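Structure assessment
Residues per chain, in single letters:
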Amino acid sequence: MKIVHISDTHNFHRDLPPLPEGDILIHTGDCTMAGTDHEAIDFLDWFCDQPFRHKIYIAGNHDCCFYRMTGVEGLPKDIHYLCNSGITLEGINFYGIPLFMQDVAMGLYDGMLLSIPAETNVLLTHQSPFLDETLTNRIIEIKPKAALFGHEHGGYGISQMGGTTLSNGAIVDEHYIITNKPNVIII
């Protein structure tokens, strides 16, 4: 399965060149800048039009309009919003955890990380494991095939941790300028 991974598009999704071909498009948060409904709807309109068999997204810290939403009504069946939830597609278990500052402030975020199912094959978080010891330890413990994230604009790229492929798909840099290409991961 060929995964195309992007993150941190911050309203610049329509400025991206055509995405590489793949089976699944994954966006790991910060599709908006200010977190408004209007920004989210514009992103979802664009996301729905992308030519992939499946599309999965989670919310990032900028995407506050998704806070406490467990789903988005009216989306096509090939679009999947994950919020502390998972989906199995073509035999691969995907699990997604958004990053909302309210959850961090209330002390809920670490519990969400500790609740990642052990059978997760592809983990989607907005937070980078390089910035979060609890997340890093959970990845080491459950050993997913891939952990996809963003948030850390300067940390773009693909690396390995044990048997897990780590993908930071941040499209924009620290100055919110598109500088990076989508990451392509084969599972």
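Our structure's up above, just so we're on the same page.
Residues numbered from 1 in each chain as written. Predicted model: local features only at pLDDT ≥ 70, side-chain atom pairs only at ≥ 80, totals over all residues. Heavy atoms only, no water.

Along the polypeptide, N180 turns up in the loop between β10 (164–168) and β11 (183–186). Judged by relative accessible area, which is 15%, N180 ranks as buried. Sequence separation between N180 and L16 is 164 residues; the distance between their C-alpha atoms is 9.8 Å. Excluding residues that lie within four positions of it along the chain, N180 makes contacts with H153, Y156, A170, I171 and V172. (Helix = DSSP H or I, 4+ residues; strand = E, 2+ residues; numbered from the N terminus. Buried < 20%, exposed > 50% of the residue type's maximum accessible area, 1.4 Å probe, protein only. Contact = heavy atoms within 4.5 Å.)

Okay, helix α4 (residues 133–142) next. Listing the buried residues of α4 in full gives L135, T136, R138, I139 and I142. Seen along its axis, α4 keeps its buried residues to an arc of 165°; they face one direction. Exposed side of α4, more than 90 degrees from the buried face: E133 and E141 are the residues found there. Those residues of α4 that are buried are in contact with α3 (109–114), β7 (122–125), β8 (146–149), β9 (157–161) and β10. Of the residues flanking the start of α4, the one acting as N-cap is D132, its side-chain oxygen 3.0 Å from the backbone nitrogen of T134. Immediately downstream of α4, the backbone of K143 shows phi near 55°, a positive value. (Arc of directions from axis to C-beta. Polar contact = N/O pair within 3.5 Å; in protein donor to acceptor, adjacent residues only side chain to side chain.)

Attention shifts here to the packing of aromatic side chains. Per the stated rule, a full pass over the model turns up 10 aromatic pairs. When the centroid spacing of 5.6 Å and the interplanar angle of 65° are considered together, the rings of Y57 and F66 count as edge-to-face. Overall, the relative accessible area of 1% leaves Y57 in the buried class. Taken together, the ring pairs in this structure connect F43, W46, F47, Y57, F66 and Y81 into an aromatic cluster. (Phe/Tyr/Trp six-rings, centres within 6.5 Å; stacked < 30°, edge-to-face > 60°.)

This part is about the state of the cysteines. In total, this model carries 0 disulfides according to the counting rule given. Note on C48: no disulfide assigned, nearest cysteine sulfur contributed by C31 at a separation of 12 Å. The thiol of C64 is unpaired, and the distance to the nearest cysteine sulfur, on C65, comes to 6.2 Å. (Disulfide = S-S within 2.5 Å.)

Because each turn of an α-helix spans 3.6 residues, side chains separated by three or four positions in sequence point in the same direction. Between its first and last C-alpha atoms helix α1 (residues 37–48) spans 16 Å; for 12 residues at 1.5 Å apiece the expected length is 16 Å, and the two agree. The set of residues buried in α1 consists of E39, A40, F43, L44, W46 and F47. The buried residues of α1 occupy an angular sector of 160° when the element is viewed end-on, so they sit on one face. Of the exposed residues in α1, the ones pointing more than 90 degrees away from its buried face are D37, H38 and I41. Contact partners of the buried residues in α1: β1 (2–6), β2 (24–27), β3 (54–57) and β4 (79–81). (Expected span 1.5 Å × (residues − 1).)

Keep in mind these values describe shape, not function.
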